[in-house]
Each structure stands twice: as C-alpha cells, then as structure tokens.
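# Residue-level structural notes
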Amino acid sequence: MAKANVMVVEDEGLIALSIQRTLRNLGYEVPAVVASGEEAVRQTLALRPDLVLMDIMLEGDMDGITAATQIHEYLDVPVVYLTAYSDDRTLARAKVTGPFAYLIKPFEEADLRSTLEMALYRHGMERRLKESKHWLETTLNSIGDAVIATDAHNTVAFLNPQAERLTGWRQEEAAGKPLADVF
C-alpha cells in the first residue's frame, strides 16, 4: 500500500530538507516543500496532499495558523503543526483550527512517524463517519413516514421533513429539546 502524500511547510531551508528526507525515508511522498503561508494555501489547493505538515512561524505576512484556517475553508485536509513554539498563546490560536496534532521541534523520527500515522488514521475515520452520517441523513430524509430520533436522554437529535410537518417544528428548532416538548 502506498504511503500518503505529505506537503511540508517550513521556511528554514535546512530544516525543510531534513524533514523532506525523513519523510521519504519513512515511505511518504512529498509533493511540495514551501516556505510561506500564502504558498502553502496555493499548493494545497493545487496538489491536494493527504496531509500538511505546517510550521507555525513562517516567512511572509501569513503564519501557519492563518494558512491552516484558509486551507480548511476549501479542503478537508488534515494539518499537523510542527513548531518550536509551545507557549499558551500560540497553542490557544492553533487549537481553534482543529489540528490533527502538534509536534514540537526538534523531534525524533519515530515521533514524526507515529504522529503522522495517527493523524492520517483519525482523518480517515472522521471522513468515513461524515460519509455515514450523510448517507443516514439522506436515507432518513427520503422516508415517507415521520422519523424522530432521540439520544439516550430523550432529547431530539433529528427530525426528517415528514416529522417537521407533523410536529410543526423545524429540525434546527427541535434539536436538543426534550421529545415531550416536540411531540
């Protein structure tokens, strides 16, 4: 089985080459190595890598956190931050972008490998979960009977269009309400 394509975003040339060499030694393809946030966004859109390994502090006007935010606006590509910065402010900014991991430099090859494998696995599982959820919602929305789904606490989680007509509640309004209030 072929390993994933991992794009490297690192503005320090020697470190970028070292990361690229390490990734290739681990069996990953490296379709691009870029040094700026702007180029990271452009290349991610063009190349659609399986994962982006992103430094946070980059040359240019756009840092890695901003680049990751823009990448997520267009594509479902996991980002793993690779940085020397672990201060609370940087961590707080990075967390809101939903990274798949945060690896501190310098790193060991084994740490990089396990971090990437876990990130790729988690992304694959999340993608399958989204596909299953979409399939289930499509199925439930096409059923001719009213369907109301609740959680373990009898709180409404889903109403199909027929249930909306029957109850007079819209899905968005009913979600999170007790079933007894809705039906």
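Report on the accompanying structure. Quick caveat: nothing in here was measured; it's all calculated off a predicted structure.

### Observations regarding the side chain of N160
Among the secondary structure elements, N160 is positioned in the loop between β7 (156-159) and α6 (161-167). At 2.9 Å, the side chain of N160 and the backbone nitrogen of A163 are in polar contact.

### Thoughts on the nonpolar core
Ranked by size, the top nonpolar core spans 20 residues in total, and within it M7, V9, V52, M54 and Y81 carry the most contacts. Among the secondary structure elements, those contributing two or more residues to this core are β1 (6-9), α2 (37-47), β3 (51-54), α3 (64-74) and β4 (79-83). Counting residues per element, this core draws most heavily on α3, at 4 residues. Setting aside residues up to four positions removed in sequence, M54 forms contacts with V9, A40, G64, A67, A68, I71, V79, V80, Y81 and L82.

### Looking at the sheet that holds strand β5 (residues 101-104)
Spatial strand order, β2-β1-β3-β4-β5: 5 strands in an open sheet with parallel pairing. Only two strands of the sheet have a single neighbouring strand rather than two, namely β2 (33-34) and β5. Where β3 lies against β4, 3 bridges are found, and the strand directions are parallel. When the bridges of β4 are listed, L53 appears paired with V80. The sheet contacts of helix α1 (residues 13-25) involve β1, β2, β3 and β4, and relative to β1 the element is tilted by about 165°. Contacts between α2 and the sheet are confined to β1, β2 and β3, with β1 contributing the most and set at about 165° to the helix.

### Looking at the side chain of D63
If you trace the backbone, D63 turns up in the loop between β3 and α3. Excluding residues that lie within four positions of it along the chain, D63 makes contacts with I56, L58 and R93.

About the cut-offs
Residues numbered from 1 in each chain as written. Predicted model: local features only at pLDDT ≥ 70, side-chain atom pairs only at ≥ 80, totals over all residues. Heavy atoms only, no water. Helix = DSSP H or I, 4+ residues; strand = E, 2+ residues; numbered from the N terminus. Polar contact = N/O pair within 3.5 Å; in protein donor to acceptor, adjacent residues only side chain to side chain. Core = buried A, V, L, I, M, F, W, Y, C linked by side-chain atoms within 4.5 Å. Buried < 20%, exposed > 50% of the residue type's maximum accessible area, 1.4 Å probe, protein only. Contact = heavy atoms within 4.5 Å. Pairing = 2+ DSSP bridges. Axes fitted to C-alpha atoms, helices over the stretch in contact; angles between N-to-C directions.

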